[in-house]
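# Fold and geometry: a report
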Amino acid sequence: MQQEVAFVTGAAQGIGEAIARRLAKDGFAVAVADMNTDKAQAVADSINQSGGRAMAVTLDVTDRVQVRSAVEKTATKLGDFNVIVNNAGLGPTTPIESITPELFDKVYHVNVAGTIWGMQAAVQAFRDRGHGGKIINAASQAGVVGNPNLMLYSSTKFAIRGLTQVAARDLAKEGITANAYAPGIVKTPMMMDIAHQVGVNAGKDDEWGMSTFSDGIALGRLSEPEDVANAVAFLAGHDSDYVTGQTLIVDGGMQFQ
Ligand SMILES: NC(=O)C1=CN([C@@H]2O[C@H](COP(=O)(O)OP(=O)(O)OC[C@H]3O[C@@H](n4cnc5c(N)ncnc54)[C@H](O)[C@@H]3O)[C@@H](O)[C@H]2O)C=CC1
Ligand SMILES: CC(=O)C(C)=O
């Protein structure tokens, strides 16, 4: 059987890295796509050394042409194109008074436009190869309930859930599913930055900042990136073939809808 190919953006660290490693373990050939070339290469090398099959691809997800060419390069080198995980995202704290047109453009370009360019390139790659595929987008628990201090970020993640639902309806007839995952509070560089900012704003330290997020977690612990990767593995695999338009919330029980 032909090996399936998964393309993961923001895969040089954090949640994306865990997803790339997990999908490689599950048998996918994986493109580790990120703007940080050195770190992406290190992740791809490490997957290859552990017996998986991976390549690093440099891209800025805000650049539609670069995204398209990264997807094509992946399909050519790895032999097919079956799954895209639009994981790259930015999460700056944005109290309302701090929002400028420049910051708005920056966050919306990465989180929303970057996801749309990824979906667009993937759909073209699926069509060119005459088969369906899976689109998986990074939402957040902050895209289910508005999070304090994260006005720009939270609103982009609400948008991700919306555009995932539209894609699911528009593309179903072509055998393409579209789902999202909504992590809670995950120990990654992004979350450490947010905790640091919250700590600084309150005149406290990073650990205090992080502790403000952990109170409402029913399972009583912060998330590891691998907790999220486990859920994405389900969405990428064939056990989820009849699932589309959904947001899988992986937050340890922070909120129940
Ligand atoms: N860490 C958390 O607690 C949560 C994270 N998420 C979402 O999960 C996703 C991954 O988050 P983390 O791993 O925490 O982030 P992170 O900041 O640790 O890693 C993000 C990766 O994306 C890459 N990246 C950023 N902008 C890019 C661009 N324009 N083009 C290409 N690559 C780019 C970075 O180089 C980095 O390797 C994001 O979409 C985030 O919003 C959602 C909920 C919670
Ligand atoms: C980073 C994030 O998604 C939070 C704090 O909900």
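Bear in mind that the values here come from a model prediction, so they are computed numbers and not experimental data.

### Points about the UniProt feature "active site" (unreviewed entry) in the chain
Here the UniProt feature "active site" (unreviewed entry) sits at Tyr153. Mapping Tyr153 onto the fold places it in helix α5 (residues 151-171). Among the residues examined, Tyr153 registers a relative accessible area of 9% and is labelled buried.

### Here's the deal with the pairing of strand β1 (residues 5-9)
The two faces of a sheet get side chains in turn, since along a regular strand they alternate between them. β1 sits mainly inside the fold: 5 of its 5 residues count as buried. Because side chains alternate across β1, one face comprises the buried residues Val5, Phe7 and Thr9, and the other comprises Ala6 and Val8, equally buried. Taken together, the 5 bridges between β1 and strand β2 (residues 29-34) define a ladder with parallel strand orientation. Each bridged residue has a counterpart across the sheet, and for Val8 the counterpart in β2 is Val32. With respect to chirality, the unit in which β1 leads through helix α1 (residues 14-25) into the neighbouring parallel β2 is right-handed. As paired elements, β1 and strand β4 (residues 83-86) share 3 bridges and run parallel to each other. Considered in β4, the bridge of Ala6 is made with Val83.

### Quick word on a negative patch on the surface
Taken together, the side chains of Asp193, Asp205, Asp206 and Glu207 present a region of like negative charge at the surface. Along the chain, Asp193 turns up in helix α6 (residues 189-201).

### Quick look at the packing of aromatic side chains
Inspection of the entire model under this criterion finds 3 aromatic pairs. Centre to centre, the rings of Phe7 and Phe81 are 5.8 Å apart; their planes meet at 50 degrees, and the pair counts as tilted. You can see Phe7 sitting in strand β1 and its partner Phe81 sitting in the loop between α3 (64-78) and β4, a full 74 residues away along the chain. The residues Phe7 and Phe81 share a single accessibility class, namely buried. Relative to Phe126, the ring of Phe81 has its centre 5.9 Å away and its plane inclined at 45 degrees; by these criteria the two rings are tilted. Of this pair, Phe81 sits in the loop between α3 and β4 while Phe126 is found in helix α4 (residues 101-128), placing the two residues 45 residues apart along the sequence. Note on accessibility: Phe81 and Phe126 belong to one class, buried. Pairwise contacts between aromatic rings join Phe7, Phe81 and Phe126 into one cluster. Over the ring of Trp117 we find Arg64; its NZ or CZ atom is 5.4 Å from the centre of that ring.

### Notes on the site of ligand 1
Of all residues adjacent to ligand 1, which total 27 residues, the nearest are Asp34, Asn87, Tyr153, Val186 and Thr188. In the model, an oxygen atom of ligand 1 is placed 2.8 Å from a nitrogen or oxygen of the Val186 main chain. For ligand 1, an oxygen atom lies 3.3 Å from a polar atom in the backbone of Met190. Surface burial for ligand 1 is 93%, taken as the share of its 830 Å² of free accessible area covered by protein chains. For the shell around ligand 1, the secondary structure elements donating two or more residues are α1, α5 and α6. Considering every element that reaches the shell around ligand 1, the biggest residue donor is α6, with 3 residues. Grouping the amino acids of the shell around ligand 1 by side-chain chemistry returns 16 nonpolar, 8 polar and 3 charged. Taken domain by domain, the makeup of the shell around ligand 1 includes at least three residues from each of domain 1 (5-186 + 223-250) and domain 2 (188-222).

Cut-offs and rules
Residues numbered from 1 in each chain as written. Chains lettered and ligands numbered in written order. Predicted model: local features only at pLDDT ≥ 70, side-chain atom pairs only at ≥ 80, totals over all residues. Heavy atoms only, no water. UniProt positions renumbered as here; feature names shortened; annotations may be inferred. Helix = DSSP H or I, 4+ residues; strand = E, 2+ residues; numbered from the N terminus. Buried < 20%, exposed > 50% of the residue type's maximum accessible area, 1.4 Å probe, protein only. Pairing = 2+ DSSP bridges. Right-handed = clockwise from strand over helix to strand, strands pointing away. Patch = residues over 30% accessible without salt bridge, like charges linked within 9 Å, V, L, I, M, F, W, Y side chains within 5 Å. Areas by Shrake-Rupley, 256 points an atom, 1.4 Å probe, with all protein chains shown as cover. Salt bridge = Lys/Arg side-chain N within 4 Å of Asp/Glu carboxyl O. Lys, Arg positive; Asp, Glu negative; His and termini not counted. Charge placed at Lys NZ, Arg CZ, Asp CG, Glu CD. Phe/Tyr/Trp six-rings, centres within 6.5 Å; stacked < 30°, edge-to-face > 60°. Lys NZ or Arg CZ within 6 Å of the ring centre and 35° of its normal. Near = heavy atom within 4 Å. Polar contact = N/O pair within 3.5 Å; in protein donor to acceptor, adjacent residues only side chain to side chain. Nonpolar A, V, L, I, M, F, W, Y, C, P; charged D, E, K, R; others polar. Domains from an automatic or database assignment.

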